[in-house]
Every structure is written in C-alpha cells, then in structure tokens.
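Fold and contact review
Single-letter residue listing:
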Amino acid sequence: MVSKHNKKKRGPWREVWRRLKKNKMAMGGLTVMILLALIAIFAEYVAPYGFDDQNLANRFIGPSREYLFGTDNLGRDILSRIIYGSRVSLTVGFIAVGIALVIGGALGAVAAFYGGKVDNVIMRLVDIILAIPGMLLAISLAAALGPGLTNMMIAIGVGSIPGYARIVRSSVMTVKEQEYVEAARSVGASDLRIIMNHIIPNSLAPVIVQSTLGVAGAILSASALSFLGLGIKPPNPEWGGMLAGARQFIRDYWHMTTFPGLMIMITIYALNLLGDGLRDALDPRLRS
Amino acid sequence: MYKYILKRLLMMVPVLLGVIMVIFIIIEITPGDPARIMLGESATEEAVARMREEMGLNRNIVVRFLDYVRGVVLRFDFGTSYRTKQPVIGEIISRFPTTFKLAGLTTIISVVMGISLGIVSATKQYTIFDSLATGIALFGVSIPNFWQGLMSIIIFSIWLRWLPASGSYGPEYWILPAATLGTSASAVIMRMTRSSLLEVIRQDYIRTARSKGQTEMKVIMYHGLKNALIPVLTVIGMQFGFLLGGSVLIESVFAIPGLGKYMIDAIGQRDFPVVQGGVLFLAITFSFVNLFVDILYSYLDPRIKSQYKRDSKETHKKDIRQKEVLNGKQAQ
Amino acid sequence: MKKISLLLVLVLLFVSLMSGCSQPAAPTTAAPTTAAPTTAAPTTAPPAPAKDKLVIAMGAAPSELDGNGKNDSPSLQVRLQMYETLVALDESMNIIPAIAESWEYKDESTLVFKIREGVKFHDGTELKASDVAFSLIRGDQMGYVGNNLKVIDFEKSGATGDYEYTMVLKFPFAPVLSALTVGAAAMVSEAYVGDHDLDFLARNPNGTGPYMLKEWFEGDRIELVKFDDYWEETKGVKELVFRFIPEAANRAIEIEVGGVDIAYEISPNDTLRLQGDPKVQVAVGNNLSTVYIGFNYTKENLQDKRVRQAVSWALDLDPIVEAVYFGLGSQGKNLIAPSVWGYSENVPQYGYDPEKAKQLLADAGYPNGMTTKIWTSNNQQRMDIAEIMQNQLAAVGITAEVEVIEWGNFLVALQNKELDIYLLGISASTGDGDALYNQFHSTSPFSGNTGYYQNAELDALLEQSRLETDPVERAKVLEKVQQFVMEELPWIPVWHGVNSTGLGLDVEGFVNSPSGTHILKNVHFK
C-alpha cells in the first residue's frame, strides 16, 4: 500500500517540477539559492581569506584586485566575510523557519485533525502570539534569552509559528475529508500514521511556498535584530550584522554597506522569485 | 452579523488575557533589575532595595498579574512607567497619532504602487511589463529597510537637499519614511492584486463583457478590479494593522517619535510597565483592526457572509498566507 | 478610469488632511514662523531668519526633569539648563561659584556657604538657604547622587541665616566641593516640592537656571525658554530646542544640512569628515571618561597580576585607538582621565611585547596559554575593541571568546560576578581624582569597583587620600594610588575620551564641558 501510494504521489510532484521549469524567473531564483548553498558549504575553499583575518594597517580599502569587495574597519576582507556569512545567514533563515514550521505545523495538524475543543484551545494560543507585533516579540525574546545564534533563531522563529499553524490547519482540514484518508482509516491505520503518511504529504504545497518566503523574512529579521544590537556573537560574520555594523561608515566607505546589503537583496529576491514560482506551479487554478 | 461580532469580541478576552500572561512570563525570565537600571549604576544598594520595594517587584508574579489585570479592567490603568513615572496609557496615546500617520501614509503609497503594478502585471501576464512590475515590487521586499532609509537620506537630504533628514515637523518630513516603508509593503499588495485579478479575468462574466465589445480597459477596471480587489482589501487592512505596531527601525533612522521606538527603548531599559501596557494596547488595536477587516470583507462579498454563521476561519486561508508574508517584512 | 481618478482624489484628500493636521502636538501658542501658517507647520528646519532659537540634537530623551531625579546624561544635559548646583565646574574643572557666591572653611570639617541673594525660582519665589539645606538632603535621599553626599552630616548641617548655609562633614573630606557639583544635587524649592508628588515633579521642573521649560513633546523634543528673572545677564538665545535623534550618523547629517545648530556626540569618523567641511564647526574637547579592560578579581585565573600584565603586554593599543576611535582622544595611560584633578603621568607603562606576555603567562603557570572570555555590551566601538583584542590575545596563546550582551543583561552579569575580562567605561563626573576610591576601594559598590578588586595596601592609600586636606599632599597620595594600580593593573586603560560636538557656522559661545553636560546659557548666534 505504501509503494502504491508513493507512485501516486510522484505524479503530481513531477508535474509541479515541469511547470516550475518553465518559469524562468523561478529557475533563476533556484539557481541562485543552490549557488549560495554551495558557497556556504564550501566556504573554506572559496574564500580568499579567513573571516577574522584582521590587518589594522589595511582598513577601509576600496574594492581592488587584492580585496575584491574591499576591507572593513578592522582590515578584514569583506568578500571572505560575506562568503562565511552566507553560512550563518542561511542557517538563521532556514532554522528559524524550521522551528516555526515544526511547532506551528504540529499544532495546526493536531488542531485540524482532532477538531472541537482541542482545535479551539490551540487556535486561541496561536491567536495570542499573532496579536503581539512580530518584531516586538522577537526583541523581547532576544532580550530575555540573551545573545547567540540559537537564541536569535528561536526569537525569530516563535513569531512565525501562528502562520504555519493556520496554514497547516486549513490544508489538513481540506485533505482530511478526502477519500483516501477515509479509506486508510477504514482499514484501521493509526492517527499518527494517517497524519504522517497521508495528511502531511498532501498539505505540503502551501507550506512550501510559505516557508520559502519565510526564510527571506527571517534573514531580514536577523538584520533588524543586528541593527538593534541584538545580533550574533562576533567575530562571526552575518550579513545583517555586517550591514548594521557598517552603517556608521555609509557616508565615507560605500563598499562596506553595499556588498552585504546586495547579498541580502539578492538572496531575498531569489527566494521570492522561487516562492512565487512555486506558488504558481502548485496552484492548480493557475494551470494554463 | 451582530451575533458574530459579539462572538468575536468575547473571543478577544481570553486572547488578550493570554497576551498579558505571555508578556509577564517573558519579562519574568528577562535578566535585569529595573530598579537598578532606573537608578543608574552609581546608586547605592539601599536605594535600589528601597526602589524594588516601592515598585512592588518583590511580590509574587501571580499577585502582580492579577493586580495588573484588575487595574486594566476596572480603571483602564495600564501601569506607570518606571523611567518617566508617567502613566503608560498617556504616553502611548501621545505617540499614537504619529504612528497612525506613518501607517496611513505608508498604506496609501503601497496601495497606489501595489495596485497599479498589480494591474499592469496581471493584464500583461508573461510579458516584459509583468517581469518589470514584479521586479520593482520585489525590490521593495528585498532591501533591508534601514539601509534603504539611510540611502534615501543620503540621496534626497544630503545630495539633492530636497527633503529633511529626520524629525516629523511637517508634510515634507513624512515623505522619506513613508516611501521607505511603502516600497516594501507595496510588493505584498501587488502580488495579491496580480493573482486575484488573474483569477477573476478567467471568469465567465469577464468573457461575456469582452464579447459585448467593451474596451479591454473598461472590462478590467469595471468588472475585473471590482471583484479582484476584495481580497486585496483584506491584505491592506492587515498591513495597516501591522504598521500600527510601529516600525522600529524606520522610526530610529528618521528620529520619529512613534510607538515602535518607544517600546524597544522600554525593553532595553527594562521599563516593564511600558512593555506590558504597550503590547496589550497594540494587541487590542490589532484585534479590532482584524475584526473590522473581517466585517468589511463580509459586506463586500456576500458569498462569504453566509459562511460566517458557520466558521469564519476557513475563508481566510489565502489572507492568512499573505498576512504571514507581511509579518516577515513588517518585522523589520 | 473613473475608479483610478477617484482613488487619486481620495489619496490627495488624505494627504492634504494629513498635512493639515500634521502637527497636532504643536503648541497652540503662536510659534514664530515666517511661512504662511496654512501651508506649513512651524518647523525647526533651516533657515529660521529671526534666529533666536537654538536647536540641539541629542541622542536620547531625558528620563525626568526633577532636579534631584535620575542623573543619566540626557537628563542632565537638559536639566542643568534649568537647575543649578551649589557650586559648579568650569571647562577646566575648576570649582566656580553658582548658587553659593562664596564659601570658607571654619575648621577642617565645617564649611560656610554664602548664598547668592536675589536668586529666583521659575515660579517667582526666592531661593533661601533653607532650600539649599532641603535640596541636599533630598538629593541624598533620592539615591541618584550615589555616595557623593554621604560625607555630609545632615544632622548638624543647615541654614544659619536666610543667605548662609553651614555644612558639617562627618570627617575632613577634601573633595567635598567637587562632590557638590553632581547634577542630581541641584537646588529645588522646598515649598514647591512639598506641594507636589514625584510624578508631577518629574515633568514640571522649577529650578533657578537660565532657562525654563516651555513644553516637552513626548519622544521628540523639549523646548525651553529663557528665564527673565535669572540672577545673571546672559548672552544666550531666547529659546532652546532639544531634539532626540538616536542615530549618531543622523545627528551628523542634521548638522551638515543645517537642520540643527548643535549636535552632541558625533561619532569619530563623522568628526573627521565634518572637520573637513567648511560649512560646519566641530568642537572636540577632552572629557572625563576612560574606556578600560576590566578583570573580574573573583575569578581565580585573573587574580594573578602577571596574567593581567601579560594581557597588557599582548595588546597593541596604538592601532586599536586609531582603528576604533580614528585617532581622536588619546591612548589610555592611566586609570583616570588626564583632565581629572590629581592625574599623574608618572606611572608604570606597558608597551606591545608579545614575547614578554608569553613569558609572564608561563611564569603565572599558563605555559600553554589560557582560555577566557571577553565581555562587552553592544556598543559598536567596544565590540570592535573586543574583536581586535581577541585577535591579539590569540597571538600569545590566550583563547578568548567574545560575548556581546545587551546593557541591561551586562549590568546583571557584572553584579553577579559572572564576567571574566570585560570592556567598560568610567567617567569621573565630579572631575576629582577621588574617583579612584570609588573605582578600587574594596568596600566600593560594584558600580565603581567593577572587578571586585581587593587589596588592603591600596585601601589604606585610598583612605589616606581622602583625609588629606592639603592639595599638594593629597595629589602626592593620589599619585601613589595611580602608580599602585598601574602596577597591579586591576584594569587596563584603553582610551581617554573626547566630547565631539558639531556646531553651525553662526553659533558662538559654545564651551565644551568635560562632563558632557554642556551649559548653553551663553551660546548665541553671530
């Protein structure tokens, strides 16, 4: 039964991929993201210098052959810091969304699956978080938990739990009524099994779109936290932190803000293109 | 309908109580002694101890929680700021017009930009115009707010000397901050307009209108937009609600005395009554804006009205998705 | 098409509505503007032709305007235009008369102050010696003056006439006059304070200063207006407007585009640029602050002075000061700033010698280096120093993690003795070398003795310095103290700071106050 199910599943996903491939913008976004991921993984091999190689004699050097993106106020190579920074920034983005997705998704799925009182209680909890402005929540949490990468990811992640909870809940509600779920239940499959094998795979579409855009939002939130002095531990480079830290030099040394800023923009842009493309590809109504 | 509104209002009560509780818990685990921060590092230990007693910080958290709730409900008392010794509600209300104005202007800019770009890209789907419009809108989402703000100050205030760099003393002061926030917010509206219009255009009645020989412009404007804009309206409402929470970074960059900046400073200074009162106030505002949008929505789209009697949540699937996208960006 | 035009009309309507009510917070009393009142609200933007309003950009809003209230620097920057202390400090840190016209020592621990006659509070009542007595007691009790007034025996002190105040000290204490200059010990009216509660007083000041409060626009600015009955003729302008602009870069921009007339706390890199700008003046003056590297003496590995000295030898401070402060101010040579009374140059110095550092570490029992942490609050400059330190310490085998925590959490960690090596700044706000007592005496609270340093020999020296009434002798003892701490290195000095203030070209009469609380009563336009 499982294999049969898999076969059934492969069909629609291949169809989505086929549609996505036709969307040039989305493919562009995907390519950029794959490239970034590769850079992040192989940072040691790509970066010309270490991320903390200070040379106080070589501060504020503009882009040159030796330092492609110039150096910062401590004489560190900006290109290398951006390359290592992609690791941190992408991690923050993906893990923060991951936290929100796992918790929010679980809450949403349980709420929808059991309905009634459980649903009511869970959704009110979600409403509570939703009613607190996202940035305020993130900042209060960052202040409460203290500094560090993990805490930053938690602070950013918690605020987006409601979104995933609601999306998963509504898609599960739709899926739950479908025939194959009824069928599985009738042959005595357990709740957990039904959720894992049937409901989650089939309500993935909106979640994927939301997550793609969510990663973009998380990277921006990280830069906002850095702006407010709640960033990650130095000397680890993170794009938002680099941008925020360089803002005092924006008048004198343009390259210090421009390159980290551009990297953030390119990444967010790519994720958005990909997200939009996925939405179009996954939305059956837009089939044409 | 009234029954529905009443039900929603009642539902707000546990949510708001929950908000207070969440904030109390976060504050409880936050390191930092408000009495110490308030008195300054050089204050004597005895003075700090006396202040702690005076501020009621030594009482049990449950007692403080109940006390607070009683104050809010019975006297509309949101507490007194540790730092300035003034009632929190007064300070919030004095900042609210500023935030309201910034939110309003930002919404206008994003609506004008978002809807027009959305129309262009939907009517010219898959053309260069579509890509261009999408591109412009996405630019706004991608650029970190504070960077854009700083750059626009450099360009428009320093180089061109067209606009003032910071403050909020007249119409010209609002242009840069509202435009900075507006460009990012417009992308969401643009997307919503685009997809919603695309959907509507495929409907039968549009085809009918076209076949009647009306100009394309007329068809889109009269028949298309009228229906396509309904979901867009929800997004606009949501966005306005979020903006009322204040945009911390932009307020900092442009030295605007809004709510967001006020709250962030309060967190840094451990001015907990301000944090509590502020978050509660924003949560109430947000809930009401939410309710208002839902009601508006049901009036505009009679199909939905009937469903409200059952459960309002289901119809919102799409809006919520948009809302979350907004959430991420507004987080800045 | 109709819809679009309708939308446009709506937008225009909204915009005009907004601009119409663009300044609901504006004072209803007619503010002097030249523009037509219907189109533009009163702005502080350039150029206001009749220049009688000085606009000052500062970093944060004051907490309160009670004369004995919280003594954070934004509060004092505004408050000390409205209040005065018994005696004051001039720009070279000399004690000058203020409310007290003159004073004399009756014996070693009794001081008689002659109070200036005809000094009026803003509410029109006259200041008497009884107000002085009341203010000092209140200042001490409110707790914001720290230990500064603890030496006064309030039981025995008091008004000995309408214009005479006799102060009895618990023991002879030479730096008492500079202690009286602390901002939170300002003179308030006994009657006025008695009539109102603290919440009211926080917002409704009644001092004797050259300016009085006109209006406080929450979160945005405070407007002061000249007090006509001030006891002295001043050259100051009619109105002062303090604007709160949190970003340092923006304060620099505002002074550059002429949006403000004075901008406080300009960052080092902006200072350099503005110095090259012919349209702006920059006043750079020494202040009383020293940024230092502290060691938590309760941590075993930091108790050995050889370890602390090793850290000092491992650091190349010159490029640090250049990189972080762009060469402004001066490299730290001592644990009080050069402008503080009693400062001595005759103290042990450390250079940059990694080999010596390694040797000292080995002697102290760490031949293979050690592991520690460098803590700092999220101040950009200190974060930069920490990162450079981390690099330079690594070269001698000290592996240090940098921990950046928010100020509120930093204070808690400091109080709980959780820090290891940390970066902090200290300001000898009264301008007297007695600050060293607060910094290093074993009984000093953690706010002064941040490293919990304990040394009986040093304690004895510090106590001696307090009892010495002859200035020359006192300076000698203080010099010994400085030599002692520079040898023992409970802290390593990094940088002696400056105040950098941007001024419009037409601003005249600005005097840098090392304390950072610039008095603006004689600042005017050319």
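Along each chain, residues carry numbers from 1 onward, in the same order as the chain's sequence is written. Chains carry letters from A onward and ligands carry numbers from 1 onward, assigned in written order. In view of the model being predicted, local features appear only for residues whose pLDDT reaches at least 70, and side-chain atom pairs are presented and counted only at 80 or more, with totals across whole chains, interfaces and linings using the full set of residues. Remark: hydrogens and water are excluded; side-chain values derive from all non-hydrogen atoms of the structure.

Below, the discussion takes up the overall build of chain C. Helix and strand assignments follow DSSP, with helices taken as H or I runs no shorter than four residues and strands as E runs no shorter than two, numbered in order from the N terminus. Summing up its helical and strand segments, chain C has 16 helices and 19 strands in all. On C-alpha atoms alone, chain C measures out to a radius of gyration of 26 Å, which is about the 24 Å that the 2.2 N^0.38 rule sets for 526 residues. Each principal axis of the C-alpha atoms in chain C carries an extent, and together these give about 80 × 75 × 40 Å. Considering only contacts in chain C between residues 6 or more positions apart, those separated by 24 or more positions represent 69%. Neither His nor the chain termini are counted; the positive set is Lys and Arg, and the negative set is Asp and Glu. Just so you know, the charge point we use is NZ for Lys, CZ for Arg, CG for Asp and CD for Glu. Averaging the coordinates of the 41 positive side-chain charges in chain C and doing the same for the 69 negative ones gives two points 4 Å apart. Throughout, radius of gyration means the C-alpha value; the globule benchmark is 2.2 Å times the number of residues raised to the power 0.38. Whether two residues touch is decided by their heavy atoms; if any such pair falls within 4.5 Å, the residues are in contact.

Another aspect to go through is the overall build of chain B. The helix and strand inventory of chain B stands at 15 helices and 0 strands. Partly exposed residues are those whose accessible area sits between 20% and 50% of the maximum for their type, while under 20% is buried and over 50% is exposed, using a 1.4 Å probe and protein chains only. Counting every position in chain B, which comprises 332 residues, the buried fraction comes to 64%. Relative to all contacts within chain B whose residues are 6 or more apart in sequence, the contacts with residues 24 or more apart total 72%. To be clear on the numbers: accessible area is Shrake-Rupley with a 1.4 Å probe, and residue cover counts the displayed protein chains and nothing else. Counting every atom, chain B has about 13,000 Å² of accessible surface; 66% of that belongs to carbon and sulfur.

To continue, consider the sheet that holds strand 4 (residues 100–107) of chain C. As a general point, the strands of a sheet are linked pairwise by backbone hydrogen bonds and lie either parallel or antiparallel. Residues and elements named next belong to chain C. Strands qualify as paired when DSSP identifies two bridges or more between them. Strand order in the open sheet made by the 4 strands is 4-5-7-6, with antiparallel pairing throughout. Both outer strands of the open sheet, strand 4 and strand 6 (158–159), are each paired with one neighbouring strand and no more. Taken together, the 6 bridges between strand 4 and strand 5 (residues 110–115) define a ladder with antiparallel strand orientation. What sits directly across from W103, in strand 5, is F113. Axis lines are fitted to C-alpha atoms, over the contacting stretch for helices. Their N-to-C directions set the angle, which ranges from 0 to 180 degrees. Seen against the sheet, helix 3 (residues 129–142) touches strand 5, strand 6 and strand 7 (164–168) and runs at an angle of roughly 35° to strand 7.

Attention now goes to the environment of T110 of chain C. Residues and elements named next belong to chain C. Secondary-structure assignment places T110 in strand 5. Spatially, the C-alpha atom of T110 lies 30 Å from that of A337, the residues being 227 residues apart in sequence. T110 has contacts with E104, Y105, T166, M167 and V168, leaving out every residue within four places of it along the chain.

All names here are of chain C. pLDDT is a per-residue confidence score from the predictor, ranging from 0 to 100. The predicted model of chain C has a mean per-residue pLDDT of 88, with 90% of residues at 70 or higher. Of all secondary-structure elements in chain C, the lowest mean pLDDT belongs to helix 1 (residues 2–20), at 43, while strand 11 (residues 262–263) reaches the highest, 97. For the stretch residues 1–49, pLDDT sits under 50, and the model shows 50 contacts to residues farther than four places along the chain or on other chains. Scored as a complex, the prediction yields pTM 0.84 and ipTM 0.83.

Each partner contributes residues to the interface: chain A has 56 residues there, and chain B has 58 residues. Joining two parts hides part of their accessible area as seen by a 1.4 Å probe, and the buried area is that hidden amount summed over both. For the pairing of chain A and chain B, the buried interface totals around 5,200 Å² over both sides, and the portion due to carbon and sulfur atoms is 71%. The three residues of chain A that bury the most area against chain B are L136, F227 and M265 of chain A, which together make up 11% of that side's buried surface. By definition here, a salt bridge exists when the distance from a side-chain nitrogen of Lys or Arg to a carboxyl oxygen of Asp or Glu is within 4 Å. Counting every contact that joins chain A to chain B gives 1 salt bridge. Salt-bridge contacts for R191 of chain B lead to D276 of chain A; the nearest nitrogen and oxygen are separated by 3.1 Å. Distance and chemistry together define a polar contact, namely a pair of N or O atoms within 3.5 Å, with one atom able to donate a hydrogen and the other to accept it when in protein, and with adjacent residues in sequence counting only for side-chain atoms on both sides. The tally of links between chain A and chain B comes to 3 residue pairs in polar contact (both at pLDDT 80 or more). Here the element with the most residues in the side of chain A that touches chain B is helix 13 (residues 254–282) of chain A; it accounts for 13 residues.

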